[in-house]
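Structure at a glance
Residues per chain are reported as follows:
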Amino acid sequence: MDCYEEFDEQLKRAAEEFRKLDKKEVIRVISHLDADGISACSIMIKLLNNENCKYSVSIVQQLNKAVLSQLAAEPYNCFIFTDIGSGVLKDIKEMLNGRKVFVLDHHSIDGNDFGSIVFVNPHICGIDGGREISGAGVVFRFACAVDKAMEELAHIAIIGAIGDLQENNGFLRLNDEILRIAVQ
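Just so we're clear, the structure is a prediction, and the values are computed from it rather than from any experiment. (Residues numbered from 1 in each chain as written. Predicted model: local features only at pLDDT ≥ 70, side-chain atom pairs only at ≥ 80, totals over all residues. Heavy atoms only, no water.)

1. Considering helix H5 (residues 135-146)
- Taking 1.5 Å per residue as the helical rise, H5 with its 12 residues ought to reach 16 Å, and the 17 Å between its terminal C-alpha atoms agrees with that figure.
- In terms of burial, H5 is a largely internal element, 11 of the 12 residues being buried.
- Measuring from the backbone nitrogen of Ala136 back to the side-chain oxygen at the start of H5 gives 3.4 Å, which picks out Ser134 as the cap. (Helix = DSSP H or I, 4+ residues; strand = E, 2+ residues; numbered from the N terminus. Expected span 1.5 Å × (residues − 1). Buried < 20%, exposed > 50% of the residue type's maximum accessible area, 1.4 Å probe, protein only. Polar contact = N/O pair within 3.5 Å; in protein donor to acceptor, adjacent residues only side chain to side chain.)

This is the structure in structure tokens:
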């Protein structure tokens, strides 16, 4: 299995976990305050709307212990982090222990013990998330693994990739695949 097949398997497993969520519970969504994070969050919101899920959204500049402490005090049982979280996995695992947590990100990873976190990140598979796929791209690929109809939002993932300066005389493989879907 090559790194791209491995990434697809990671997405499929995360989609299976997402399908198990209780639709009656409110899902807490936290995303990064930049073009990529807002694009990632918008794709997640569309998926949650399509799946008839309730949610509460926050856009944050950074994710640190102070922000995680505030989140941990909230009554939610499920948290989804988009375009943020890979650098503080240990803190997320510790502070949101006992809750269902998804981290859909493309940034460098802090550690390799994800515990029960549903973690999707291309770096796990040896794919450079800094150049090859944005946070919005990761969320887009996840959303498509849940529901192929989400392909209609490929253009939003491309906005995220451009916002993260990943388009340098063309895109690399994963972003290029998303671009081809957007063009179709």
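There's plenty left to go through after this.
2. Describing the side chain of Asp91
- Within the secondary structure, Asp91 is located in helix H4 (residues 89-95).
- Residue Asp91 is classed as buried on the basis of its relative accessible area, which comes to 15%.
- Leaving out residues up to four positions away in the same chain, Asp91 has contacts with Lys65, Leu68 and Leu96. (Contact = heavy atoms within 4.5 Å.)

3. Describing the pairing of strand S1 (residues 26-32)
- The element S1 is extensively covered by neighbouring structure, given that 6 of its 7 residues are classed as buried.
- Relative to strand S2 (residues 54-60), S1 runs parallel, the two sharing 7 bridges. Bridge pairing in S2 places Val26 opposite Lys54.
- Relative to strand S3 (residues 78-82), S1 is paired through 5 bridges, and the arrangement is parallel. Bridge pairing in S3 places Val29 opposite Ile80. (Pairing = 2+ DSSP bridges.)

4. Notes on unusual backbone geometry
- Even without being a glycine, Asn52 presents a positive backbone phi close to 60 degrees.
- Looking at where Asn52 falls in the secondary structure, it is placed in the loop between helix H2 (35-50) and S2.
- The residue Asp83 is not glycine, and still its phi comes out positive at about 60 degrees.
- Considering the arrangement of structural elements, one finds Asp83 in the loop between S3 and H4.

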